[in-house]
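Chain and residue survey
The lines below spell out each chain.
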Amino acid sequence: MAGPPALTFLLLVLLLPAHQAIATAAGDAHGGPAAGGAAGRRHAPGLEEYGGGRIVDITHVPSDAAAGPLVRLKESMENGSDYNLSELRMPCHMGTHVDAPGHMIQAHFAACLDVDTLDLEVLNGPALLVDVPRHTNITAEAMESLNIPRGVRRVLFRTLNTDRGLMWKQGGDMSFVGFTEDGAQWLVDNTDIKLVGIDYISVASFDHLITAHVAFLKNADIIPVEALKLDNINTGLYMLHCLPLRLVGSEGSPIRCILIK
Ligand SMILES: *[C@@H]1O[C@H](CO)[C@@H](O)[C@H](O)[C@H]1NC(C)=O
Ligand SMILES: *[C@@H]1O[C@H](CO)[C@@H](O)[C@H](O)[C@H]1NC(C)=O
Ligand SMILES: *[C@@H]1O[C@H](CO)[C@@H](O)[C@H](O)[C@H]1NC(C)=O
């Protein structure tokens, strides 16, 4: 079952080019666990350890293939300005991003449930990283098999998408794994999960693109976080920190997410 052409286009526009892999690899070189190492730096004893732990960046670098450069110099020293000043231009659902309730529920959009109203208490806190069985989309059956305990409020679902390296591939692959409608509804009915993280651009599988989103978003307190970089991390419990931009009136925002172990 193919989705509506406009949606297919939307998904394609938000997809990532190959050169992004290079940018991300470079980013990792200075953004990895050792970044900002405190070695040799003077600090009060215990200060660096406060809330400390290893930081894992689970954010992808957003692509600039589809719509031209995301960041461009408006003023440049090369051209005689005293400073360099860039401007940012990108769709709000590109790269690692968050959906607000208004994304697919008109009543929520009308009620101004934009990204600026998202609950930071949900976006930040203990989170469980789980591996979804690789032979299936996230159906009710798959959800049940994961045995996620009651009380767990944030779950990052790692799927076949990560194994297939879909976020690193150029162009869209609509065979990605995501929630089916019954899987999304099962989560809503049988768990305490409020933050649903996934490792490709849509929390909903392509065949259930609208229905599974709606199953989540009709509950204004459930927050999908999409296109997370979950490669090479052990499953288990982490502190998750996700911060969207304060884009008043927007139903989505790029988001920076990190895990701390
Ligand atoms: C500098 O100015 C030239 C001519 O207007 C323009 O083509 C170029 O893109 C500018 N470069 C930067 C970095 O702003
Ligand atoms: C400013 O932008 C120019 C390109 O116009 C670049 O070559 C230069 O390195 C930049 N300078 C700084 C300080 O970033
Ligand atoms: C997940 O669903 C998509 C269609 O939405 C399908 O193309 C894909 O093969 C499914 N993946 C698995 C592992 O069942």
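The name given to the protein chain in an unreviewed UniProt entry is Cyclase, with the source organism recorded as Triticum aestivum. In the Subcellular location (unreviewed entry) part of its UniProt record, the protein chain is described as follows: "Secreted, Extracellular space, Extracellular matrix". Its UniProt record, at the heading Sequence similarities (unreviewed entry), says of the protein chain: "Belongs to the Cyclase 1 superfamily."

Right, let's talk about the site of ligand 3 for a bit. Neighbouring ligand 3 are Arg134, His135, Thr136, Asn137, Leu160, Ser175, Phe176, Val177, Ser205, Phe206 and Asp207. Here Asn137 contributes a side-chain N or O atom positioned 2.2 Å from an oxygen atom of ligand 3. Asp207 places a polar main-chain atom, nitrogen or oxygen, 3.0 Å from an oxygen atom of ligand 3. Looking at the shell around ligand 3 residue by residue, the classes come out as four nonpolar, five polar and two charged.

Summarising the element assignment, Phe176 is placed in the loop between helix 6 (160-163) and helix 7 (181-190). Phe176 sits in the buried class, given a relative accessible area of 2%. Spatially, the C-alpha atoms of Phe176 and Asp207 are 10.0 Å apart, while their sequence positions differ by 31 residues. For Phe176, the contacting residues outside a window of four places in its chain are Asn137, Asn161, Arg164, Leu166, Tyr200, Ser202, Ala204, Ser205 and Phe206.

Cut-offs applied
Residues numbered from 1 in each chain as written. Chains lettered and ligands numbered in written order. Predicted model: local features only at pLDDT ≥ 70, side-chain atom pairs only at ≥ 80, totals over all residues. Heavy atoms only, no water. UniProt positions renumbered as here; feature names shortened; annotations may be inferred. Near = heavy atom within 4 Å. Polar contact = N/O pair within 3.5 Å; in protein donor to acceptor, adjacent residues only side chain to side chain. Nonpolar A, V, L, I, M, F, W, Y, C, P; charged D, E, K, R; others polar. Helix = DSSP H or I, 4+ residues; strand = E, 2+ residues; numbered from the N terminus. Buried < 20%, exposed > 50% of the residue type's maximum accessible area, 1.4 Å probe, protein only. Contact = heavy atoms within 4.5 Å.

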